[in-house]
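# Coordinate analysis (summary)
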There are 2 protein chains.
Amino acid sequence: MRIFVDAMGGDNAPQAPVEGAIEALRRFPQISIVLAGVLDAIEPLLTGADDVRDRIELVDAPEVITNEESPVMGVRRKTKSATVIGMLKLRDKEVDGFVSAGSTGAVLAGGMFRLGRIPGVERPALAPLMPNGKGYFLLIDCGANVDCQPHYLQQFGVMGDAYMRGVMGMEKPRIGLINIGAESEKGNALVKATYPLMEQAPYHFVGNVEARDITGDVADVLVTDGFAGNLILKFMEGLAGTLVDMLKKEMLADTRSKIGAVIAKPAFRRFKKLMDYTEVGGAPLLGVQGAVVKAHGSSNAHAMSCAIGQVIKMVDGHVVEIIEKGVAETVPQE
Amino acid sequence: MRIFVDAMGGDNAPQAPVEGAIEALRRFPQISIVLAGVLDAIEPLLTGADDVRDRIELVDAPEVITNEESPVMGVRRKTKSATVIGMLKLRDKEVDGFVSAGSTGAVLAGGMFRLGRIPGVERPALAPLMPNGKGYFLLIDCGANVDCQPHYLQQFGVMGDAYMRGVMGMEKPRIGLINIGAESEKGNALVKATYPLMEQAPYHFVGNVEARDITGDVADVLVTDGFAGNLILKFMEGLAGTLVDMLKKEMLADTRSKIGAVIAKPAFRRFKKLMDYTEVGGAPLLGVQGAVVKAHGSSNAHAMSCAIGQVIKMVDGHVVEIIEKGVAETVPQE
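Here goes a summary of the coordinates provided. (Residues numbered from 1 in each chain as written. Chains lettered and ligands numbered in written order. Predicted model: local features only at pLDDT ≥ 70, side-chain atom pairs only at ≥ 80, totals over all residues. Heavy atoms only, no water.)

What chain A contains, in helices and strands, is twelve helices and twelve strands. Each of the three principal axes of chain A carries a C-alpha extent, and together these read 70 × 60 × 35 Å. A total of 334 residues make up chain A; the buried ones form 58% of that total. Of the contacts formed within chain A by residues at least 6 apart in sequence, a portion of 71% connects residues at least 24 apart. In the form shown here, chain A has an accessible surface area of approximately 13300 Å², with 51% of it arising from carbon and sulfur atoms. Averaging the positions of the 35 positive and the 41 negative side-chain charges in chain A gives two centres separated by 4 Å. (Helix = DSSP H or I, 4+ residues; strand = E, 2+ residues; numbered from the N terminus. Buried < 20%, exposed > 50% of the residue type's maximum accessible area, 1.4 Å probe, protein only. Contact = heavy atoms within 4.5 Å. Areas by Shrake-Rupley, 256 points an atom, 1.4 Å probe, with all protein chains shown as cover. Lys, Arg positive; Asp, Glu negative; His and termini not counted. Charge placed at Lys NZ, Arg CZ, Asp CG, Glu CD.)

Residues and elements named next belong to chain B. Read from one edge of the open sheet, five strands run S6-S7-S10-S8-S9, paired in mixed fashion. Looking along the sheet, the strands with just one partner apiece sit at the ends: strand S6 (129-131) and strand S9 (204-210). Across the sheet, the mean angle from the axis of one strand to that of its neighbour is 35°, orientation sign disregarded. Where strand S8 (residues 174-179) meets strand S10 (residues 221-223), three bridges bridge the pair, whose relative direction is parallel. Its bridge partner being in S10, Ile 175 is matched across the sheet by Val 221. Against the sheet, helix H6 (residues 150-166) engages S6, strand S7 (136-140), S8 and S10, with an angle of about 150° to S7. Set on the sheet, helix H7 (residues 189-200) makes contact with S8, S9 and S10; between it and S8 the angle comes to about 170°. (Pairing = 2+ DSSP bridges. Axes fitted to C-alpha atoms, helices over the stretch in contact; angles between N-to-C directions.)

Another aspect to go through is the packing of aromatic side chains. All names here are of chain B. The tally for this structure, following the rule as stated, stands at five aromatic pairs over all chains. Arranged with centres 5.1 Å apart and planes meeting at 75°, the rings of Tyr 195 and Phe 205 form a pair that is edge-to-face. Here Phe 205 lies in strand S9 and Tyr 195 lies in helix H7, a separation of ten residues in the sequence. For the residue pair Tyr 195 and Phe 205, the accessibility class agrees, reading buried in each case. (Phe/Tyr/Trp six-rings, centres within 6.5 Å; stacked < 30°, edge-to-face > 60°.)

With that out of the way, let us pick up the state of the cysteines. Scanning the model with the defined rule gives zero disulfides over all chains in all. With no disulfide of its own, Cys 142 of chain B lies 12 Å from the sulfur of Cys 148 of chain B, the closest cysteine sulfur. (Disulfide = S-S within 2.5 Å.)

Once that is clear, we can look at the environment of Gly 157 of chain B. With respect to the helices and strands, the residue Gly 157 of chain B is situated in helix H6. With residues near it in sequence (within four places) discarded, Gly 157 of chain B still touches Ile 175, Tyr 203 and Val 223 of chain B.

All names here are of chain B. Judged by pairing direction, the sheet is mixed, and its seven strands sit side by side in the order S3-S2-S1-S4-S12-S11-S5 without closing on themselves. Strand pairing shows two members of the sheet lacking a second neighbour, strand S3 (56-60) and strand S5 (125-126), which therefore form its edges. The pairing of strand S2 (residues 32-37) with S3 spans five bridges and is parallel. What sits directly across from Val 34, in S3, is Glu 57. Strands strand S1 (2-6), S2 and S3 of the sheet are contacted by helix H1 (residues 15-27), whose axis makes an angle of about 175° with S2. Those strands touched by helix H11 (residues 301-316) are S1, S2, strand S4 (97-100), strand S11 (283-286) and strand S12 (291-294), and its axis lies near 155° from that of S12.

Within this structure, the stated rule accounts for 28 salt bridges over all chains. The partner of Arg 174 of chain A in a salt bridge is Asp 217 of chain A, with the nearest N and O atoms 3.1 Å apart. In this pair, Arg 174 of chain A sits in strand S8 (residues 174-179) while Asp 217 of chain A sits in the loop between strand S9 (204-210) and strand S10 (221-223), placing the two residues 43 residues apart along the sequence. Its relative accessible area of 25% is what places Arg 174 of chain A among the partly exposed residues. For Asp 220 of chain B, the salt bridge goes to Arg 174 of chain B, with nearest N and O atoms at 2.9 Å. With Asp 220 of chain B in the loop between S9 and S10 and Arg 174 of chain B in strand S8, this pair connects stretches of sequence that are 46 residues apart. Assessed through its relative accessible area of 8%, Asp 220 of chain B is described here as buried. (Salt bridge = Lys/Arg side-chain N within 4 Å of Asp/Glu carboxyl O.)

It is worth spelling out unusual backbone geometry at this point. With omega at 0°, the peptide bond leading from Ala 13 of chain A into Pro 14 of chain A counts as cis. Along the polypeptide, Pro 14 of chain A turns up in the loop between strand S1 (2-6) and helix H1 (15-27). Phi angles above zero are rare outside glycine, and His 318 of chain B is one such case at about 55°.

A word on the pairing of strand S2 (residues 32-37) of chain A. Residue and element names in this part refer to chain A. Of all the six residues making up S2, six are buried; the element is thus mostly covered by neighbouring parts of the structure. Of the two faces of S2, the one holding Ser 32, Val 34 and Ala 36 and the one holding Ile 33, Leu 35 and Gly 37 are both buried throughout. For S1 and S2, the ladder comprises five bridges, and the chain directions are parallel. Across the sheet, the residue bridging to Val 5 is Leu 35, located in S2.

The interface is formed by 52 residues belonging to chain A together with 52 residues belonging to chain B. Carbon and sulfur atoms supply 72% of the area buried between chain A and chain B, which totals about 4900 Å² over both sides. One can count eight residue pairs in polar contact (both at pLDDT 80 or more) joining chain A with chain B. For the side of chain A that touches chain B, the secondary structure elements donating two or more residues are S8, helix H7 (189-200), helix H8 (226-251), helix H9 (255-263) and helix H10 (265-275) of chain A. Counting residues per element, the side of chain A that touches chain B draws most heavily on H8 of chain A, which supplies 19 residues. A per-class count over the side of chain A that touches chain B returns 30 nonpolar, eleven polar and eleven charged. (Buried area = accessible area lost by both parts, 1.4 Å probe. Polar contact = N/O pair within 3.5 Å; in protein donor to acceptor, adjacent residues only side chain to side chain. Nonpolar A, V, L, I, M, F, W, Y, C, P; charged D, E, K, R; others polar.)

Glancing now at H1 of chain A. Compared with the 18 Å implied by 1.5 Å per residue over 13 residues, the 18 Å span of H1 of chain A between its first and last C-alpha is a close match. Residues Ala 16, Pro 17, Val 18, Gly 20, Ala 21, Ile 22, Ala 24 and Leu 25 of chain A constitute the buried set of H1 of chain A. (Expected span 1.5 Å × (residues − 1).)

In this section: the relation of the copies chain A and chain B. Note on the copies: chain A fits chain B at an RMSD of 0.0 Å, the axial shift is 0.0 Å, and the rotation between them is 180°. Between the two chains, the operation in question is that of a two-fold axis. Looking at the rotation axis and the C-alpha trace of chain A, the residue lying nearest is Gly 260 of chain A, at 1.9 Å. Comparing contact sets, 100% of the residues at the interface of chain A also lie at the interface in chain B, consistent with an isologous, same-surface contact. (Least-squares fit on C-alpha atoms with pLDDT ≥ 70 in both.)

Everything listed is a geometric property; what it means functionally is a separate question.
Shown next, in the form of structure tokens:
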């Protein structure tokens, strides 16, 4: 299996992607990696990786699409960027999977316009796995589609179902619709129109899920539009930080609590690890014709190797094929 | 000052509203309370309140609008419900403020159709104060309007500004627009169209606020549509609970942490109190012609007395008048 890795993407590039690729090659003996980026920057980082060097193919990609530029224009003009080169290689089956911690917009635009959608898919969606204390749920969409139609959301269910079956090995994932009430008649115009479509879809729809139950392990896939999904994703990051800070402050406010906090350190460490979703990799881009994972922009080397592990599971789990089949079953036949 | 209290609203009615009213009468010597509900249920709860009994007026309100029925139909048909009676008394200036922990929909419908909107206000909005570790921010709207237009959101800013000036004594509250990116061109169709309207509005607009910064004390008023706002409100409740549970579980997983947790108990207690937003009361319904507070359905007596304290501050702070003036300045003159 060949995995394409964007060596120039993310806050810690090229170190984190290159070191993550090396770590992944050691963890997963069945893969080889195509590493694309500015060669002068990558090559020095390969010292000490002689054990896996023959499984690394370097590709010159001197251009980088930044977060500051228009993703669509970037993909159109920067044909020598890792994003564009990788998406074309994936389309042409020269590689089996794609990982980047670079601009989310560029990965989306590259996926849409260079790799291409699975036939029948209206809108590809970004779908990170998020912790709920007991395990993980898939949140789809988390920002690829800020203005949605009801049938997009119905399809997000198909794609999330495919991912959880293919990658997480679930037999019958529970698919929920994020809403402001549990009853079917609740919600804004979008979710009200989506509900009956999801009832008819070929997956295990468990109905509306209220926001207070998002982390309550009541569904394995939570479907929402990209605006609400992005709010939830980012709010979870922000709030977890705020709460931990607040607790820390209280812990340091009196001597007794300070002592307790020191003693309870192992628990805090485990808690932090539970909340650290870089362990599960990044957000798969579902609905495009290949296994694509967008790693978090702040990924370190270990997070990058986890994202590579995730894309391997997507290939092994035939996620693209399962989505293709599911969408064909769901799309009204003309 | 006369405050109307719905004695039948909420999960703990009539005990919590009645006992909360008694507590409020003791805390706030300047008020009297009109307590409406099923008299046979209320009267026994007044034993032991002889010290404030002469400041309580009982009103027979034998009907209750439940969470299960249509709020609009409930308000139309149940003319002997506390919600309807109270809204009419507020409209007719027989009371100065209104508090209920009952059906949110009924309070909204009663506010819209019995009390009435402030001239120029498009849509009244529910706006709870929420903790961010340093203080509180106002989230507007949190569920009254699930499908919004850009000028509704512009007005939510006016109303939130009025509340923070009148009740919280802020001179120049920072008004932010909740969005999925900080740049003005980010967002869905609604927020993109709202941004320029808020730039022109007569308040201190600080631009887009990303969800990860919601609890980061970057704005005093956070404007959003009722769907997103309700998600944020409920997610905050749910996530805080999940995180505390996760931490607790880790704390009990080994003996050392268990001991640490016992020692650090005072810190946990303070942390819990910080997160307990019942201390600040309920959610004001802004944009109607009177001071209305919707207390949390699960309010206990103390939370009810805080909600009564909040409505007193709304009256003293002339929130309705400030909104009226602000809206008149904002509405394009025909």
